[in-house]
Amino acid sequence: MRRRSVVPALLLSLGVAAVPAAPHAAAAAAAAAPLPLTQVVPVPASVRAGGGAFTLAEDAAIHVPAGSPGAAAVGRYLAGILRPSTGYGLPLTTNARREGIVLALTEPGAGNTGAEGYRLQSTPRAVVISAATTAGLFHGVQTLRQLLPASVERELYGLGPWTVAGGTIADRPRYAYRGAMLDVARHFHTVQQVERYIDQLALYKINRLHLHLTDDQGWRIAIASRPRLTAYGGSTQVGGGTGGYYTTAEYQQIVRYAASRYMTVVPEIDMPGHTNAALASYGELNCNGVPRALYTGTAVGFSSLCVPKPATTQFVDDVIREVAAMTPGPYLHIGGDEARVTGRADYVAFVDRVQQIVRRYGKTVIGWHQITGADPAPGAIAQYWGTKGDEEPVAVAAQAGTRLIMSPANHAYLDMKYDEETPIGQKWAGYTEVQKAYDWNPATVVRGVPASAVLGVEAPLWSETVTDSSEIEYLAFPRLPAIAEVGWSPAATHSWASFRQRLAAQAPRWTALGINYYRSPQVPWPWTG
Ligand code: TNX
């Protein structure tokens, strides 16, 4: 239930003003002190404290630039977050007065904010977020959310005051690619679950959502020319549940929802291994022509498309054509990992062929880093998921121009257990506590890779043991914000001592949002009753 505020807000402000100095007033004042501008995850590139604080007034408006539907949408999104908890009307206006909350678009190039950066200036009169792009405004809005009291995230009317400390933040990302991956193949996750995760990722300025759409245990994206892939291949999952899949319309709904959070969907069709669901659906994809049985276990590396068969090439062409057509983003991920039962010559030939097909349908190819052992095409991107950092072919490919997304499994894999007590997750890459998720540098994690080859970072969440939103959140929080900071914040700001404090301050926000998280003993969480 949403409550309109006029009366309670008035009473509250009178109430606070009228309370004389009393022992509990000091505590109330401390609680009401605005959060420091540095208390943001990912930590901003630069913060300058200023004079007086800003307090959101009940009659404030959200000012957006005229003629920019994108900026207006960001304004509506912000209003949608602030209205239920503040109870304020917060109308959008294109009136250019600089008071209240102001979203401003600057000339491209002005302000040095780049494609995704922003400036946030907070004074007693206004909070002004300015950026050259609406993506920058959106990221600035995420910062503003974190500077307001945690209760601003509640769906119900909350206690203010809705105050933001005075000063200026100038912020832009270290890396252009800041991703999260969700495996919807091992256990299927519904559109609603994916949208919920998208909202959580947006808070930490993640801008790519990689969906692992196919694997041995299930095929989760409808392909019109191959209906059995989902009708049969999507009918189960790990442990034998009923599985599921996205229709084209549902997939496009996810894509649109992600776009509204400034996130690009990266679809992955994992090939030539991890294909049991396809091999079960269409016998012709097997060398012996016989369809395999559906699989609901968690082994890896046992399946392969039959590379030499023309039927396989036709299949790959059909699938890539359709996935490319329903995906507006530039990327198509072809998997390529753990093809342990594909012969080496077949693997190299297959990767060559698939890269050509992806290019023909106008997309940039991404593959797990094993594709660097074949011949990555010009423009190809490899996703590093090793643990050692000494993989020679990755360095050689990077030196020759292949760009890299860094997902070192011993730091960035959200499905690793935190410690031996963690009830879900895996441990093949080692237990991964929060500090380990945070303490690594994408520029140096693989020996011999030029820093300029690193496009960004990604936090994969494999779902062999993950069945619902609560389990997704338990593994992603608090490690996802750690990877997000590694991807966004300048290397010079990297500090575990600072991060653990700022991370702890996020917890009341997660509680307000209903996010399930792991209370790592490494983080000084505030007391919660
Ligand atoms: C390795 S990472 C895999 C996945 C598993 C994951 C479990 C990668 C490219 N392949 O198939 O789900 O480990 O942690």
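Basis of the calculations
- Residues numbered from 1 in each chain as written.
- Predicted model: local features only at pLDDT ≥ 70, side-chain atom pairs only at ≥ 80, totals over all residues.
- Heavy atoms only, no water.
- Near = heavy atom within 4 Å.
- Polar contact = N/O pair within 3.5 Å; in protein donor to acceptor, adjacent residues only side chain to side chain.
- Areas by Shrake-Rupley, 256 points an atom, 1.4 Å probe, with all protein chains shown as cover.
- Pairing = 2+ DSSP bridges.
- Helix = DSSP H or I, 4+ residues; strand = E, 2+ residues; numbered from the N terminus.
- Axes fitted to C-alpha atoms, helices over the stretch in contact; angles between N-to-C directions.
- Phe/Tyr/Trp six-rings, centres within 6.5 Å; stacked < 30°, edge-to-face > 60°.
- Buried < 20%, exposed > 50% of the residue type's maximum accessible area, 1.4 Å probe, protein only.
- Domains from an automatic or database assignment.
- Contact = heavy atoms within 4.5 Å.
- Buried area = accessible area lost by both parts, 1.4 Å probe.
- Salt bridge = Lys/Arg side-chain N within 4 Å of Asp/Glu carboxyl O.
- Nonpolar A, V, L, I, M, F, W, Y, C, P; charged D, E, K, R; others polar.
- pLDDT = per-residue confidence, 0-100.
- Expected span 1.5 Å × (residues − 1).
- Disulfide = S-S within 2.5 Å.
- Parallel < 35°, antiparallel > 145°, perpendicular 65-115°, else oblique.
- Left-handed = near helix turned anticlockwise from the far one by under 90°.

A. Main features of the site of the ligand. Close to the ligand lie 14 residues; Arg-186, Tyr-413, Asp-415, Trp-428 and Glu-464 are nearest. A distance of 2.9 Å is found between a nitrogen atom of the ligand and a side-chain nitrogen or oxygen belonging to Asp-337. Contact between the ligand and Glu-464: an oxygen atom at 2.6 Å from a side-chain N or O atom of the residue. Considering the ligand on its own, with 360 Å² of exposed area, one finds that the protein chains cover 98% of that surface.

B. View of the sheet that holds strand 14 (residues 264-271). What the eight strands build is a closed barrel, ordered 10-11-14-15-16-17-18-19; its pairing is parallel. Adjacent strand axes in the sheet meet at a mean angle of 30°, parallel and antiparallel pairs treated alike. With six bridges joining them, strand 10 (residues 177-183) and strand 19 (residues 454-461) adopt parallel strand pairing. In the sheet register, Leu-182 faces strand 19, and the bridge partner there is Leu-461.

C. Highlighting the packing of aromatic side chains. All told, the structure shown has 21 aromatic pairs when counted by the stated rule. Taking 5.2 Å as the distance between ring centres and 50° as the angle between the ring planes, the aromatic pair formed by Tyr-517 and Trp-525 counts as tilted. Overall, Tyr-517 belongs to the buried group, its relative accessible area being 12%. Counting every residue linked through ring pairs, the aromatic cluster contains Tyr-204, Phe-477, Trp-510, Tyr-517 and Trp-525.

D. Just the domain arrangement of the chain, in detail. According to the domain assignment, the chain contains domain 1 (36-171) and domain 2 (177-513). Domain 1 and domain 2 are separated by 33 Å when their C-alpha centres are compared. Tallying the contact residues gives 28 residues for domain 1 and 25 residues for domain 2. Approximately 2300 Å² of surface area, both sides summed, lies buried where domain 1 meets domain 2, with 62% of it carried by carbon and sulfur atoms. Seen at the junction of domain 1 and domain 2, the total is one salt bridge. The closest approach of N and O atoms between Arg-178 and Glu-116, which form a salt bridge, is 2.8 Å. Breaking the side of domain 1 that touches domain 2 down by element, the ones donating at least two residues are helix 3 (69-86) and helix 4 (134-147). Among the elements that take part in the side of domain 1 that touches domain 2, helix 4 stands out by supplying eight residues, more than any other. When its residues are assigned to classes, the side of domain 1 that touches domain 2 shows 15 nonpolar, eight polar and five charged.

E. Seen up close, unusual backbone geometry. That bond from Gly-160 to Pro-161 is cis: its omega, -5°, falls within 30 degrees of zero. Between Phe-477 and the following residue, Pro-478, the backbone shows a cis peptide bond with an omega angle of 15°. Mapped onto the secondary structure, Pro-478 falls in the loop between helix 14 (469-476) and helix 15 (479-488). At Tyr-262, a position not held by glycine, the phi torsion is positive, near 55°. Its location among the elements puts Tyr-262 in the loop between helix 7 (248-260) and strand 14. One non-glycine residue with positive phi stands out, namely His-274, at about 55°. Considering the arrangement of structural elements, one finds His-274 in the loop between strand 14 and helix 8 (276-281).

F. Highlighting the confidence of the model for the chain. Of all residues in the chain, 94% attain a pLDDT of 70 or more, and the chain-wide mean is 93. Ignoring residues within four places in sequence, the model shows residues 1-30, a span with pLDDT below 50, making 26 contacts including any to other chains.

G. Focus on helix 3. The end-to-end C-alpha distance of helix 3 is 25 Å, a good match for the 26 Å that 18 residues give at a rise of 1.5 Å each. If you check which residues of helix 3 are buried, you get Ala-71, Ala-72, Val-74, Gly-75, Tyr-77, Leu-78, Ala-79, Ile-81, Leu-82, Pro-84, Ser-85 and Thr-86. Buried residues in helix 3 make contact with strand 3 (62-63), strand 4 (92-93), strand 5 (100-105), helix 4 and helix 5 (191-202). At the exit of helix 3 stands Gly-87, carrying a positive phi of roughly 75°.

H. Here's a closer look at the state of the cysteines. Scanning all chains against the criterion turns up one disulfide. In this model Cys-287 forms its disulfide with Cys-306; the gap between the sulfur atoms is 2.0 Å. Here the disulfide of Cys-287 and Cys-306 is right-handed, its torsion about the S-S bond being about 95°. Within this pair, whereas Cys-287 is found in the loop between helix 8 and helix 9 (310-325), its partner Cys-306 is found in the loop between helix 8 and helix 9, the two being separated by 19 residues in sequence.

I. How the structure looks around the environment of Asp-318. The topology assignment puts Asp-318 in helix 9. Note on Asp-318: relative accessible area 8%, which makes it buried. Measuring from C-alpha to C-alpha, the distance between Asp-318 and Arg-98 comes to 53 Å, with 220 residues separating the pair along the chain. Once you skip the residues sitting within four places of it in the chain, Asp-318 turns out to touch Ile-223, Ser-225 and Arg-226.

J. Expanded view of the packing of helix 15 against helix 16 (residues 496-504). With their axes 11 Å apart at the nearest point, helix 15 and helix 16 run at an angle of 130° to one another. It follows that helix 15 is oblique to helix 16 by the angle criterion. In this structure, helix 15 crosses over helix 16, and the sense of that crossing is right-handed. Judged by residue contacts, Pro-481, Ala-482 and Glu-485 of helix 15 engage Phe-499, Arg-502 and Leu-503 from helix 16.

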